[in-house]
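What the coordinates show
Here's the letter readout for the chains.
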Amino acid sequence: MTVKDPELVAIFQRRVLLKKVCRKCGALNSIRAVKCRRCRSTNLRPKKVK
Ligand SMILES: [Zn+2]
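Summary of the structure given here. Every chain's residues receive numbers from 1 upward, in the order its sequence appears when written. Note on the predicted model: pLDDT of at least 70 is required for a residue's local features to be given, and 80 or more for side-chain atom pairs to be given and counted; whole-chain, interface and lining totals, by contrast, use all residues.

Further remarks concern the overall build of the protein. A tally of helices and strands in the protein yields one helix and three strands. When the helices and strands of the protein are placed in sequence order, the string is α-β-β-β. Here a residue counts as buried when 20 or more other C-beta atoms fall within 10 Å of its C-beta, as exposed when 12 or fewer do, and as partly exposed in between; the C-beta atoms come from the backbone. In the protein, which comprises 50 residues, the proportion classed as buried is 6%. Within the protein, counting contacts between residues at least 6 apart in sequence, those at least 24 apart form 20% of the total. Helical segments are the DSSP runs of H or I of at least four residues, strand segments are the runs of E of at least two, and each set is numbered from the N terminus. In this description, a residue-residue contact is defined by the distance between C-beta atoms placed from the backbone, which must lie within 7 Å.

And the structure:
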């Protein structure tokens, strides 16, 4: 199945960008993550969404 609706594509791309980056090890975590999945640090920052 191919997504052709531009609105759906935009929503999908926004979801991909909704990540948190660990300031300690740089690992990507889900936006809901409280702790880094790699080093368990709580020092996370949201990835910038344009
Ligand atoms: Zn980390």
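Don't stop here, the text continues.
With respect to the helices and strands, the residue leucine 18 is situated in the loop between α1 (6-17) and β1 (19-22). For leucine 18 and isoleucine 31, which are 13 residues apart along the polypeptide, the C-alpha to C-alpha distance reads 5.6 Å.

Attention now moves to the pairing of β1. If DSSP finds at least two bridges between two strands, the strands pair. The pairing of β1 with strand β2 (residues 28-30) spans three bridges and is classified as antiparallel. Of the residues in β2, the one forming a bridge with valine 21 is leucine 28. Linkage of β1 to β2, two consecutive antiparallel strands, is achieved through a turn of five residues, within which glycine 26 is found at a positive phi near 80°. Two elements, β1 and strand β3 (residues 44-46), share three bridges in a ladder whose sense is antiparallel. Residue pairing across strands places lysine 20 opposite proline 46, the latter belonging to β3.

Let's shift gears to the environment of arginine 23. Positionally, arginine 23 belongs in the loop between β1 and β2. For the pair arginine 23 and cysteine 36, spaced 13 residues apart in the sequence, the C-alpha separation amounts to 9.3 Å. When neighbours within four sequence positions are excluded, arginine 23 is seen to be in contact with Asn43, Leu44 and Arg45.

One non-glycine residue, arginine 40, lies in positive phi territory at about 65°. Tracing the sequence through the fold places arginine 40 in the loop between β2 and β3. A residue is classified by how many C-beta atoms lie within 10 Å of it, and arginine 40, with 10 of them, is exposed.

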